[in-house]
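Letter by letter, the chains look like this.
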Amino acid sequence: MKIPFYQIDAFARRTFAGNPAGVCVLERWLEDRTMLAIAAEKNLPATAFLVPGDAASAIRWFAPAGELELCGHATLASGYVVLNVLRPDRSRVDFDSAAGRLEVQRDRDRFALDFPAMPPEQQHDPDLVTHAIGLRPAELWEAAGGRGMAVLAEASQVLDLRPDMAAVAALPFSALVVTAPGFENDCDFVSRYFAPKHGIAEDFVTGSAHCVLVPYWAQALRKPQLFARQLSSRGGELWVEDLGARVRIAASAQRSPKER
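Residues numbered from 1 in each chain as written. Predicted model: local features only at pLDDT ≥ 70, side-chain atom pairs only at ≥ 80, totals over all residues. Heavy atoms only, no water.

K.L.:
Any chance you could break down the pattern of salt bridges for me, citing the residues and the numbers?
P.N.:
Per the stated rule, a full pass over the model turns up 21 salt bridges. R60 serves as the salt-bridge partner of E67, at 2.8 Å between the closest nitrogen and oxygen. Judged by relative accessible area, E67 falls into the partly exposed class, the value being 39%. (Salt bridge = Lys/Arg side-chain N within 4 Å of Asp/Glu carboxyl O. Buried < 20%, exposed > 50% of the residue type's maximum accessible area, 1.4 Å probe, protein only.)

This is the structure we're talking about:
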């Protein structure tokens, strides 16, 4: 069986930036082990598998090490494929997932995700992550799905971070996002995301992390609409909005030259 495959750089205004994702378009679901094997073979941070439908497309996401419960950049990539390749006559696509109904909509030259908000719920002693990231954060929170969020004082600290990945993997979190207020006159907040338990030391740009970050920074900065940067080696730009129970995450995407 031949499976159409697309590689998209999500959260990027240029190629070789943002977060690369694979998108496989299926007629019906494959066995889980087959989808995992494809994701491992492609060795991208995430590969989305779509089964298109009239009202909505079903979607699942796999990292090289296992299935993901929610993945922003591969959903954005999937929206790009549907709205630019499969159904260019449409301006919106809905995806049915284990995380509920998700939406990708055209937003001029960007694509906007409608995702569930996951505000930080539980505070922890900041010393819990001090050894793992090399400095003591001002705050340490936990959100849904066991996601940890360490808040630093300055954006430069996030940029210069050199975490101990073995220590990060040993933390009682599914993944760790490290964040701080943004660079002056540039962005509202910055972040980096570490997920060694999913086989990804550092994710390039992480939509699902912004389900946690947006509610926090919207409240801290007292503004619902923000511009964010993820400070990985490839970098990512996100225009986000706090909608209460939901978050809106808008960004650009590019078709990878490797796939053309």
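K.L.:
Describe the packing of aromatic side chains, and please don't skip the residues or the numbers.
P.N.:
A full pass over the atoms with the stated rule returns five aromatic pairs. Ring geometry for F49 and F62: centres 5.7 Å apart, planes at 90 degrees, overall edge-to-face. Within this pair, whereas F49 is found in strand 3 (residues 46-51), its partner F62 is found in strand 4 (residues 57-63), the two being separated by 13 residues in sequence. The pair formed by F49 and F62 is uniform in burial state, with each residue classed as buried. An angle of 10 degrees between the planes, with centres 5.9 Å apart, marks the rings of F189 and W217 as stacked. One end of the pair, F189, is in strand 13 (residues 189-195); the other, W217, is in helix 6 (residues 210-221), and 28 residues separate them in sequence. The class for F189 is buried, based on a relative accessible area of 0%. Through pairs of rings, three or more aromatic residues link up here, namely F189, Y216 and W217. The lysine or arginine in question, R60, covers the ring of W29, its NZ or CZ lying 5.6 Å from the ring centre. (Phe/Tyr/Trp six-rings, centres within 6.5 Å; stacked < 30°, edge-to-face > 60°. Helix = DSSP H or I, 4+ residues; strand = E, 2+ residues; numbered from the N terminus. Lys NZ or Arg CZ within 6 Å of the ring centre and 35° of its normal.)

K.L.:
Tell me what's going on with the state of the cysteines, and back it up with residues and numbers.
P.N.:
Under the defined criterion, the tally for this structure stands at zero disulfides. With no disulfide partner, C24 has as its closest neighbouring cysteine sulfur the one in C71, 13 Å distant. (Disulfide = S-S within 2.5 Å.)

K.L.:
Go over the side chain of S57 with me, naming the residues and quoting the values.
P.N.:
By the element assignment, S57 lies in strand 4. Once residues lying within four places of it in the same chain are set aside, the contact partners of S57 are V51, P52, V93, D94, F95 and D96. (Contact = heavy atoms within 4.5 Å.)

K.L.:
So what's going on with the pairing of strand 12 (residues 175-181)? Which residues, and what values?
P.N.:
Counting buried positions along strand 12 gives six out of seven residues, so the element sits mostly inside the fold. Note: strand 11 (residues 147-151) against strand 12, five bridges, orientation parallel. Across the sheet, residue R147 finds its bridge partner in strand 12, namely A175. Bridge count between strand 12 and strand 13: six bridges; the pairing is antiparallel. Looking across to strand 13, one finds that V178 is bridged to R192. (Pairing = 2+ DSSP bridges.)

K.L.:
Before we move on, could you go through the pairing of strand 4 and cite the residues and values that matter?
P.N.:
If a strand is regular, its side chains alternate between the two faces of the sheet. Among the seven residues in strand 4, six count as buried, and that is most of the element. Alignment of strand 3 against strand 4, held across five bridges, turns out to be antiparallel. The partner of A48 across the bridge, within strand 4, is W61. The pairing of strand 4 with strand 6 (residues 92-97) spans two bridges and is classified as parallel. Following the sheet pairing, A58 is matched in strand 6 by D96.

K.L.:
Tell me about the environment of L70, and name the residues and values.
P.N.:
The residue L70 is located in the loop between strand 5 (66-68) and helix 2 (72-86) in this model. Between the C-alpha atoms of L70 and A98, which are 28 residues apart in sequence, the distance is 7.9 Å. Discounting residues that sit within four places of it in the chain, L70 has contacts with W61, A99, L102, F115, M118, R147, S208 and C211.

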